[in-house]
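Per-entry structural report
So you can see what is in the structure, the chains are spelled out below.
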Amino acid sequence: MQRADGVGIAVVAGWAAAAILFRELTIVPRAYVGICAAAHPPLVCVVRQAVLWAQYERWFGMAALLLGVVGFAFARRSLGVAALAVGIVATVNYNGTEGIIGASLGLWAWLEAATTKGETHHARQ
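Below you will find a few notes about this structure. Quantities reported herein were computed from a predicted structural model and do not represent experimental measurements. (Residues numbered from 1 in each chain as written. Predicted model: local features only at pLDDT ≥ 70, side-chain atom pairs only at ≥ 80, totals over all residues. Heavy atoms only, no water.)

With 19 residues, helix α6 (residues 96-114) should reach 27 Å at 1.5 Å per residue; the first-to-last C-alpha distance of 26 Å fits that figure. All buried positions along α6 are accounted for by E98, G99, G102, A103, L105, G106, A109, W110 and A113. (Helix = DSSP H or I, 4+ residues; strand = E, 2+ residues; numbered from the N terminus. Expected span 1.5 Å × (residues − 1). Buried < 20%, exposed > 50% of the residue type's maximum accessible area, 1.4 Å probe, protein only.)

You can see Q55 is positioned in helix α3 (residues 44-56). The exposure class of Q55 is buried, given its relative accessible area of 10%. With sequence-adjacent residues up to four places away left out, Q55 is seen in contact with R23, F60, N93, Y94 and N95. (Contact = heavy atoms within 4.5 Å.)

The next subject is the side chain of N95. With respect to the element layout, N95 can be found in the loop between α5 (77-92) and α6. Here the side chain of N95 touches F60 through a polar contact of 3.4 Å, landing on its backbone nitrogen. Once residues lying within four places of it in the same chain are set aside, the contact partners of N95 are A54, Q55, R58, W59, F60, G61 and A90. (Polar contact = N/O pair within 3.5 Å; in protein donor to acceptor, adjacent residues only side chain to side chain.)

In globular proteins that are soluble, nonpolar side chains generally tend to be buried together. Counting ten residues, the largest nonpolar core consists of A19, I27, V51, L52, A54, F60, A64, V89, A90 and V92. Of all the secondary structure elements, the ones that give two or more residues to this core are α1 (3-27), α3, α4 (59-74) and α5. Here A90 is in contact with F60, G61, A64, N95, G96 and G99, once residues within four sequence places are set aside. If you look at the next biggest cluster of nonpolar residues, it comprises six residues, including V12, V81, L84 and W110. (Core = buried A, V, L, I, M, F, W, Y, C linked by side-chain atoms within 4.5 Å.)

What follows covers unusual backbone geometry. Phi at A75 takes a positive value of approximately 50°, unusual for a residue other than glycine. The topology assignment puts A75 in the loop between α4 and α5. With relative accessibility at 10%, the residue A75 sits in the buried group. Even without being glycine, Y94 reaches a positive phi, approximately 60°.

Here the structure, examined in full by the defined rule, presents two salt bridges. Between R77 and D5 there is a salt bridge, with its nearest N and O atoms 3.0 Å apart. Taken as a pair, R77 in helix α5 and D5 in helix α1 lie far apart in primary sequence, 72 residues in all. Residue E98 pairs with R58 through a salt bridge whose shortest N-O separation is 2.8 Å. Here E98 is found in helix α6, whereas its partner R58 is found in the loop between α3 and α4, with 40 residues between them in sequence. Owing to a relative accessible area of 30%, R58 belongs among the partly exposed residues under this scheme. (Salt bridge = Lys/Arg side-chain N within 4 Å of Asp/Glu carboxyl O.)

Residues V7, V11 and W15 make up a contiguous nonpolar surface patch of about 290 Å² in total accessible area. Relative to the helices and strands, W15 resides in helix α1. (Patch = residues over 30% accessible without salt bridge, like charges linked within 9 Å, V, L, I, M, F, W, Y side chains within 5 Å. Areas by Shrake-Rupley, 256 points an atom, 1.4 Å probe, with all protein chains shown as cover.)

This next bit is on the packing of aromatic side chains. All chains considered together, the criterion is met by two aromatic pairs. Geometrically, the ring pair formed by F72 and W108 is edge-to-face, given 4.9 Å between the ring centres and 70° between the ring planes. Of this pair, F72 sits in helix α4 while W108 sits in helix α6, and the two are 36 residues apart along the sequence. With relative accessibility at 52%, the residue W108 sits in the exposed group. (Phe/Tyr/Trp six-rings, centres within 6.5 Å; stacked < 30°, edge-to-face > 60°.)

Here's what the structure looks like:
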């Protein structure tokens, strides 16, 4: 395991924790429906609405899938980390089908890049 892998694990864990925490604190509580429907809602309601819109439009899942496919195609560690992180965020936000596929492809890309073959492949590019 290299330093970049440790950073990748921290990035994935951080995004996963942030997505779960945001969802549990601002989307799940029914009280936020009333708070955000008020005449002067707090700023967090704008972010909440953006997250819900992206969830309904399946943007989280599509982003994860795109990152996963590109990361898999080029065996890039950074794209693999991004795909895994966004895939977990997508799954937390009910875009699980695309999110899981993107996360899986991202993990595969990350592992491929971390192998000697993957590192040698990138050194030649």
